[in-house]
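# Coordinates in review
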Amino acid sequence: MHIPDGFVSGEINTVTYAVSAITVGIAASRAKKNLEEKSVPLVGITAAFVFAAQMLNFPVAGGTSGHFLGALLAAILLGPLNGFLVMAVVLVIQSILFADGGITALGSNIFNMGIVAGLGGFMIFKVLSILLPKKRLYFLVPVSLASWLSVVVASAFCSLELALSGTSPFSIVFPAMVGVHSLIGIGEAIITTTVLSVVMASRPDLIYSGKLLPEIQM
Amino acid sequence: MKAIVRVKTLIIAGLVLSVFLAFFISPFASKSPDGLEKVAERQNFLSLGDKLVWRHSLLAEYLFPGIKNERLATGLAGLTGTIVAFALAYMIAALLRRPGGRGGERRQDSNTSHRSG
């Protein structure tokens, strides 16, 4: 759901640019405290994986494709703000180097895919984790639900920006975006859950959220 | 919490997997429009996105310049992007991380996490 130039109005892009820039500033200043030295290579790997996996469009219904987003995976692996920084780095590279996502819409894309999907998705994940039993298996239930929701809610915000820009009426663009991303979100949930299962089986101590929830027996 | 695999191994495995996906698999990814493009096409606003503001994207359309074979061009573009993403995120993280931090030290107190991420 990388928005190109021209879809979203200047007003909306200005607001989302401002919110995204402030969030980048907060995340960068907090990284001093919440980024461990041994996590530095993990930040690089997460960015590389998110970028590579985002290239792998898979077909969904009706001649449409979707791809992995990775915002919740990054948030759970690295912590929400560090994960957000990874998403911002990937989106900047895609926009500048690949013309994937307009440069004027970069703020909106970071807002939707970094703030809404990443930070919002992480909040959903935390709430669900608190509600569910603290067992290893149940760690993956909030992971899959929150990763699906992260994509769906991000697409809802994308449709809101399009509607507020006068590009397409909300009553049409909202169900269309949320509908197709409900399918794409299934791929998101499968990939996020698989990757986290592998990391949990090999190095559970590296998962930021594993430390946040120490009562989970890893 | 048992550490079964060394961090270095996991990092290398992650990087190899990412490079593999970007170089060998991405050329075979679906070419269909993505969710947003499809909606734009159906609702007749796709043409609004025709004008690029920044026109200096070296790897636009995920194609490496000067390569005629499209699959190779896609694979090389993917490989380049993956390396750039790794290097840029790594450098930013290294610059931002708390100064003088020694990774091992925080292992003990990290369970009582006070980190407001």
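Residues numbered from 1 in each chain as written. Chains lettered and ligands numbered in written order. Predicted model: local features only at pLDDT ≥ 70, side-chain atom pairs only at ≥ 80, totals over all residues. Heavy atoms only, no water.

What follows concerns a nonpolar patch on the surface. Residue and element names in this part refer to chain A. Among the surface-exposed residues, Phe157, Leu160, Leu164, Phe170 and Phe174 lie close enough to one another that they form a single nonpolar patch of about 430 Å² accessible area. Sort the elements by how many residues they give to the nonpolar patch and helix α6 (residues 136–164) lands first, with three residues. Turning to its location among the elements, phenylalanine 157 is positioned in helix α6. (Patch = residues over 30% accessible without salt bridge, like charges linked within 9 Å, V, L, I, M, F, W, Y side chains within 5 Å. Areas by Shrake-Rupley, 256 points an atom, 1.4 Å probe, with all protein chains shown as cover. Salt bridge = Lys/Arg side-chain N within 4 Å of Asp/Glu carboxyl O. Helix = DSSP H or I, 4+ residues; strand = E, 2+ residues; numbered from the N terminus.)

Right, let's get into the packing of helix α3 (residues 71–78) of chain A against helix α5 (residues 106–131) of chain A. All names here are of chain A. Axis separation between α3 and α5 bottoms out at 8 Å; the angle between their running directions is 60 degrees. What the angle tells us is that α3 and α5 run oblique. Judged by the sense of rotation from one axis to the other, the crossing of α3 with α5 is right-handed. The segment α3 lies against α5, with Ala71, Leu72, Ala75 and Ile76 engaging Met113, Ala117, Gly118, Gly121, Phe122 and Phe125. (Axes fitted to C-alpha atoms, helices over the stretch in contact; angles between N-to-C directions. Parallel < 35°, antiparallel > 145°, perpendicular 65-115°, else oblique. Left-handed = near helix turned anticlockwise from the far one by under 90°. Contact = heavy atoms within 4.5 Å.)

Looking at chain A as a whole, the pLDDT averages 93, with 95% of positions reaching at least 70. Put simply, helix α8 (residues 208–212) of chain A is where chain A has its lowest mean pLDDT, 70, and helix α4 (residues 80–98) of chain A is where it has its highest, 98. (pLDDT = per-residue confidence, 0-100.)

Counting from both sides, the interface comprises 73 residues of chain B and, opposite them, 75 residues of chain A. Carbon and sulfur atoms supply 71% of the area that chain B and chain A bury against each other, a total of about 6300 Å² over both sides. Seen at the junction of chain B and chain A, the total is one salt bridge. When the shortest N-O distance is used, the salt bridge between glutamate 37 of chain A and arginine 97 of chain B registers 3.5 Å. Applying the counting criterion to the chain B and chain A interface returns 16 residue pairs in polar contact (both at pLDDT 80 or more). Listed by contribution, the elements that provide at least two residues to the side of chain B that touches chain A are α1 (7–25), α2 (35–42), α3 (70–96) and α4 (106–109) of chain B. The element contributing the most residues to the side of chain B that touches chain A is α3 of chain B, with 15 residues. Each residue belonging to the side of chain B that touches chain A can be placed in one class, and the counts come to 39 nonpolar, 21 polar and 13 charged. (Buried area = accessible area lost by both parts, 1.4 Å probe. Polar contact = N/O pair within 3.5 Å; in protein donor to acceptor, adjacent residues only side chain to side chain. Nonpolar A, V, L, I, M, F, W, Y, C, P; charged D, E, K, R; others polar.)

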